[in-house]
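Descriptive analysis of the structure
Each chain is listed here by its residues.
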Amino acid sequence: MKILILSATFPYPPTSGGTEVRTFNLLKALSERHQITLVTQPTDDSSETDVEKLQEWVEELVVFPQPNSSENNSGLRSKMQRLSTFLQQGTPQSVLKQYSPEMQEWVNQAIESGNFDVITCEHSMNEIYVRPQWREKLRTVVNIHSSLYRKQRHQLDGKPADKQLREQLNLPLLRRYEERYCGKFTNIVVATPTDRRQIEDYEPEGKITLVPNGVDFKQFPKRVSDPGGQRLVFVGVMDSLTNVDAVRFFSLEVFPEILRRYPEATLEIVGARPVPEVLELQERPGITVAGRVSSIVDYLHKATVCVIPLRTSYGIKNKTLEAMAAGVPVVASDRGLEGLPVDGGDVPLRALRANDTAEYVYAVSRLFEKRQLRKQLSENGRSMVEKKYTWKRAGELYEKVLMGK
């Protein structure tokens, strides 16, 4: 097939974030049997080498500059203007600010040419480029990495009452927006069963298919031995608000309690673009901020435990799957384990769950002291990923959607 892929997020290198990882690996899988044209927007951080490397995986790479979003977005007046725009147009500002009229014109002409069999939007943020009438000409697919409405709804539940007003106003608008755009695609792809139930609630005309995330086992081989010790690691892009919140919570509230029990314990924070709020954490005892590294798996293999204390993110986490693939015992929150069968009932224990300080301290302590438990989580986690969460399997599922099977 000739496949046109839209991704305003530049999907290389595929370690930049969850959206980049999912987009690149599905693209890579499809490129083995199909001709891919990718339309995307490099960031200021994207190098010429990144562009050249991405070019190797596609038949044609079409790049557009990111729209200028330098206007002042702070202040009550600016916020009210954005809300007014949302009310009038029905599209969130987070989508509008990435919209490129030049990119839209190119996509319009590409569809009119009739050269493509299917067009896919990688992440719902790209739905804005697709016209409802195109479904009469070719297959149109939206790959919803995570439901914006569901994410906003859960974030609202955890916010203080004095900060809920804007989110409460936005919530029904987000639902209306998500319901509307889902109705214009022939096929809808989701990454988690929870998102599938959310989208099914809209009763869209498009067929909904679950395509979970995966792991590249060449990049994340299982470690050959347990290093023991008392070394914790957190992995993630460190200018992401979700990751910043998680690592600061763990560093400031949980890790001091762990240090009281285990004075030799360490915490390594691994990930590109650490913001000042993260860099300042290395001034605290036992904490190191490694920043961007050449091999994430090396840090995973050296760790006793990988902690994933996310509090605001949703969907299956690549960082969780990658740690399990590397054979590292995982202690994670409900958010870090979303969509993964890791405990309860007849499910083999594959990770330890924690959501507050006491639970994290207890779980980490168990793993520091019980080698057999570490071995159990290591083997069960890796086995689950091998069976259910490979990019090969995800690519095959995605290909069937694009081929209409």
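Below or above, wherever it landed, is the structure these notes cover. As the structure is a prediction and not an experimental result, all values here were calculated from the model.

Reading the values: rules and limits
Residues numbered from 1 in each chain as written. Predicted model: local features only at pLDDT ≥ 70, side-chain atom pairs only at ≥ 80, totals over all residues. Heavy atoms only, no water. Helix = DSSP H or I, 4+ residues; strand = E, 2+ residues; numbered from the N terminus. Expected span 1.5 Å × (residues − 1). Bend = angle between axes of the 7 residues up to and from the residue. Contact = heavy atoms within 4.5 Å. Buried < 20%, exposed > 50% of the residue type's maximum accessible area, 1.4 Å probe, protein only. Pairing = 2+ DSSP bridges. Right-handed = clockwise from strand over helix to strand, strands pointing away. Core = buried A, V, L, I, M, F, W, Y, C linked by side-chain atoms within 4.5 Å. Polar contact = N/O pair within 3.5 Å; in protein donor to acceptor, adjacent residues only side chain to side chain.

The subject of this paragraph is helix α9 (residues 241–261). The end-to-end C-alpha separation of α9 is 30 Å, in line with the 30 Å expected for 21 residues at 1.5 Å each. For α9, the principal kink sits at V254 and spans about 45°; a proline, P256, occurs within the next four residues.

For S124, the location among the structural elements is in the loop between β4 (118–122) and β5 (139–144). In this structure S124 touches V142, N143, I144, L148, Y177 and Y181, once residues within four positions along its chain are discounted.

Here the focus is the pairing of strand β9 (residues 266–270). Of all 5 residues in β9, 4 are buried, a share of seventy percent or more. Across 5 bridges, strand β8 (residues 231–235) lies against β9 in parallel orientation. Among the inter-strand pairings, R231 is bridged to a residue of β9, identified as T266. Considered for its hand, the β-α-β crossover made up of β8, α9 and β9 is right-handed. Direction of pairing for β9 relative to strand β10 (residues 287–291): parallel, over a ladder of 4 bridges. Note on β10: the bridge partner recorded for I269 is V289.

Judged by nonpolar contacts, the single largest core of 62 residues is most densely connected at L232, F250, F255, I258, I269, L300 and V331. In contact with V331, not counting residues within four places along its chain, are V305, C306, V307, I308, L352, A354, Y360, A363, V364 and L367. Grouped together as the second largest cluster of nonpolar side chains are 34 residues, L4, I128, V190 and Y202 included.

Turning to the sheet that holds strand β11 (residues 305–308), a few remarks are in order. In space, the 6 strands of this open sheet follow the order β10-β9-β8-β11-β12-β13, with parallel pairing throughout. Two strands bound the open sheet, and with one partner strand each, they are β10 and β13 (352–353). Sheet topology note: the β11/strand β12 (residues 330–332) ladder contains 3 bridges and is parallel. Residue pairing for β12: I308 is matched across the bridge by A332.

A few words on the side chain of E268. With respect to the secondary-structure elements, E268 resides in strand β9. Residue classification places E268 among the buried residues on the basis of a relative accessible area of 15%. Here R231 takes part through its side chain, which lies 2.9 Å from a polar atom of the side chain of E268. Setting aside its immediate chain neighbours within four residues, E268 contacts R231, L232, V233, F234, T288 and Y299.

Treat this as a map of the structure, not an account of what it does.
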